[in-house]
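What follows is the residue order along each chain.
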Amino acid sequence: MSLVVDAELGAPIRGPSALTGDRRRFWNLTFTIARTEFKLRFYGSVLGYVWTVMRPLLMFGVLMVVYSLGKLGSGIKDYPVMLLSGIVLFTFFTEATAGAVGCVVARESFVRKIQFPRLAIPLSVVLTALFNLAVNFVPIIIFTALEGVRPRLSWLELPLIVLVLIFFAMGLAMLLSALYVRARDIAPIWDVVIQVLFYVSLLLIPIEKIGAHGRTLLHIWMLNPLADLMEQYRHAFIGSNAPRPPTTPYPGWHFGGSSAAAAIGGYAELAIPMALIVIVFVLGFVVFNRSAPHIADNL
Amino acid sequence: MHTLKERALHPLRRSGHHQFKALENVSFDVRDGEFFGVVGRNGSGKSTLLKCMAGIYATDRGNIWITGRMSPFIELGVGFNPDLAARDNVVLNGIMLGLSPREARARYDHVIEFAELEEFQELKLKNYSSGMHVRLAFSVAIQVDADVLLIDEVLAVGDASFQQKCFDVFNRLRDEGKTIVLVTHDMGAVSRFCHRAILLEKGEIVAEGDPEAVANDYLELNFNREGAAPATRAGGWRGSGAARIVDAWCESSDGAQTAMFRQGGELRFCARVEFLEAVDDPALTVEFENAEQVKVLVGSTAYDEERSGRFEAGEQATFSLEFTNVMAPGRYNVIATLSRLGHRLELIDRSDREVSIVVTATRAQGGVVDVPIRASIERGVEVAP
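Residues numbered from 1 in each chain as written. Chains lettered and ligands numbered in written order. Predicted model: local features only at pLDDT ≥ 70, side-chain atom pairs only at ≥ 80, totals over all residues.

K.L.:
So, the overall build of chain B: which residues are in play, and what are the values?
P.N.:
In terms of regular secondary structure, chain B is built from nine helices and 17 strands. Across the 385 residues in chain B, those meeting the buried criterion constitute 35%. Pairs at least 24 residues apart make up 70% of the contacts formed inside chain B by residues separated by at least 6 positions. (Helix = DSSP H or I, 4+ residues; strand = E, 2+ residues; numbered from the N terminus. Buried ≥ 20, exposed ≤ 12 C-beta atoms within 10 Å, placed from the backbone. Contact = placed C-beta atoms within 7 Å.)

K.L.:
How would you sum up the sheet that holds strand β1 (residues 35-40) of chain B? Please name residues and give values.
P.N.:
All names here are of chain B. On the basis of which strands lie adjacent, the open sheet formed by six strands has the order β3-β4-β5-β1-β6-β7 and mixed pairing. The sheet terminates laterally at β3 (70-73) and β7 (204-209), the two strands that pair on one side only. Across this sheet, the average inter-strand angle for adjacent strands is 15 degrees, counted without regard to direction. Pairing analysis gives four bridges linking β3 to strand β4 (residues 148-152), with the strands arranged parallel. Looking at the pairing, Met 70 lines up with Val 148 of β4. (Pairing = 2+ DSSP bridges. Axes fitted to C-alpha atoms, helices over the stretch in contact; angles between N-to-C directions.)

K.L.:
Which residues make up the interface of chain B and chain A, and what values do they have?
P.N.:
By convention, interface size is frequently given as the accessible area that disappears when the constituent parts associate. Taken together, the contact between chain B and chain A spans 28 residues of the former and 32 residues of the latter. Elements with a minimum of two residues in the side of chain B that touches chain A: α2 (46-54), β2 (65-66) and α3 (86-96) of chain B. For the side of chain B that touches chain A, the element with the highest residue contribution is α3 of chain B, accounting for three residues. Across the side of chain B that touches chain A, the residue classes break down as 16 nonpolar, ten polar and two charged. Pairing geometry for strand β1 (residues 11-12) of chain A and β2 of chain B, over two bridges, is antiparallel. Within the sheet, the bridge partner assigned to Pro 12 of chain A lies in β2 of chain B and is Trp 65 of chain B. (Nonpolar A, V, L, I, M, F, W, Y, C, P; charged D, E, K, R; others polar.)

K.L.:
Requested: an account of the sheet that holds strand β15 (residues 316-324) of chain B, with residues and values cited.
P.N.:
By way of backbone hydrogen bonds, the strands of a sheet pair with one another, either parallel or antiparallel. All names here are of chain B. Strands sit in the order β8-β10-β15 across an open sheet of three strands; the sheet is antiparallel. If you trace the sheet from one side to the other, it starts and ends with β8 (243-252) and β15, each paired once. The sheet shows a mean angle of 15 degrees between the axes of neighbouring strands, direction not considered.

Printed below as a string of C-alpha cells:
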C-alpha cells in the first residue's frame, strides 16, 4: 500500500523517522534543546560561562608547562597559539561526539512521549558544543592578539575548516548515538578512541616532531582527518612563517604550518582523509535513519 | 542484549527477543468531531495504540490516516526542566508540543492564568508541588490548538477542583468540534464524554460502539480476571449446629450463578440448608457488606414468612431472597445467617464472608446505593414587589 495523501482518509501517519516532518519544528526543537543544555550546563555555578572558557585554558596551561619542560614546542614559533586553538577545536570535537553517544538514551522521555524528527537529538548535542566553541574563540582571539600574530587573508579559510570539522563531528554523532542504542559498549570504546585521537591529531605533538621520523610515517599519520584539519587550521591561522629546522628530511618540503595537502604528500592523497569524513557522515546518516523508526521500541 | 560481550559469548542465541504482538487486527475509524474512548486492562495495548497514532511507534504492518493537525497528550510536561522557572518551561514544553517559540511565548499568560500559578511564576520548577507541576503541564498542553487530540490518562491528576476544570476543558473541546481520542480506565469519564468507544483485550478489539456498553464489558472483563471464584462457600461454621448452610450463592434473574452483577438488574441470593435436627420456623438472613465493611443491605426471609413451619432432621431446603440490585459498584461480601425466631433469636448457622460478588455500574452517584431518582425543578412564582 502506497503511503500518499488520500482525499478521504487524509494524510498517513508514518511513525517516527530521522528527518521527515516540518522543517521549522525540526529546527525549533534542535535549537531549543541545545540552548537549554547550554544554559543549564553551568547552572548553579557562580562563574557560569567563565568555566566554559576556563577549562580549555587550564588544560592549555598544564600542557604548556609539561611540554615546555619536555621541549616539545621548542623552536616552533607561535606554539602556544597553535596549542590553544588545537585544544579548543578538539574540545568541540569531544563534546560533540562523546556527548552524542548516550544522548538518545538520555532523552528517553522525549523519544517515548512525543513525535519529532529523531535527528534533532544528536544534532542538538553538536549545536551545544558549537555554542561552547563560539565562546571559546574569545580567549583565542585575545591570546592571538597578545602573542602578536597579525591578521592574515588566509583567516578567511578558518570558517571553512571549522565547517568541515562540524560536518565530521555530526557524522560521528549520528553514527555513535544510533549504535549506542543497540550496544552500550560504544561509550567505553569511544572514550578510548578520543584519548588516542587527542595524541595523534597534531594538537600537542607538532607536525615537526613527526616529520622528523620520515615521510612515510607522516603520510600515514595524516590519514587521520583530524590531523589534516588541525594542520590546515594552523597553516591558515599562523602560516608557514615558522623557522625551518636545520635538517630538512627531504628537499621541497616545508616544515611547520605547511598545508595539509603538503603534509600528506599532495592533493590526491588529501582526498583520502576528506573522503573518510564524507563516508563517516553518509554512514552515520544511513545508520541513524534506519534505526530511527525503532529507537522508541529499543530503548 | 545490550553489550558486545553478550553477543560474542552467545553468538547463536537469536538475540533474546521473542516477538510480542502488542496489537493485531485493530481497525477502527474515528469520525470528525467525535469523542472516542479507548479502554482496556493494563497491558491490553491501548497505550501502544495511542503511541502508534501519535507517530511515536512505527507500525510493523498496517496504516493510520489522519486529517488535520494532531496533538498528543501522552505525557504531561515533556521537556520540563526542574532548574528552570515557569516561563522557560512553558516555552520549552510548548515547542516540544509543536508550537513555534513565538507562539509559545505569546501563550504564556494564558497558560499561567489557567494553571492559577500567577504567584509562583518566578519559582523554579523543582520547588513546585507535584500538583502545581501537573497544573502547569496540563495548561500548556491544552493551549496547543489542534484538530485532533490524543489523550492518555491525564484525567487522573490534580486535586478535585482542577480535575473539574479538566473536565470542563474536555467538554469545551468536544463542543468546539475537536476530535478527541481518550485512553482511560475511568469508566465514568467514558460514559460521560465519549460518543463511541472500543475495548481492547490482548491487542484486539473485543467491543466497539456505545460507550455505556463498552464500559460495562470492561468492568466485567476486569473483575472476571481477578478470579472472582464462583460465588460458593466452604467451611466456616458457627452456631447451634441444628442445621448447616451447605451451599450459598448468588444468581442473576435467569438463574445463572455468577459473581458479577450489573447495577439495576435482579439479584437472587440462595442458600441450601441441611437440617440435622428438627427445627421450627427457621429464617435466613443475608447481609451485603461493602469493602468498608458497612452493611449496605440486609434482607431476611422472616419478613415475608415469619412462620416458616417445621423442618425435620435430614430434610434439605433452599432459601432464596430476590431483589433489584441498587448497590453502588464495588465488591461485596455476602454473609448468610440461619436462625430461629423464638422469644429470642437463636443462631443456628452462619456462613461468614465466603461469598463475594462484584457490582458493576457505569454511573455511580457516590452513595452506597444508587436508586432511580426522579428529579425536577420547579421555578417559584415571581412575587411582585
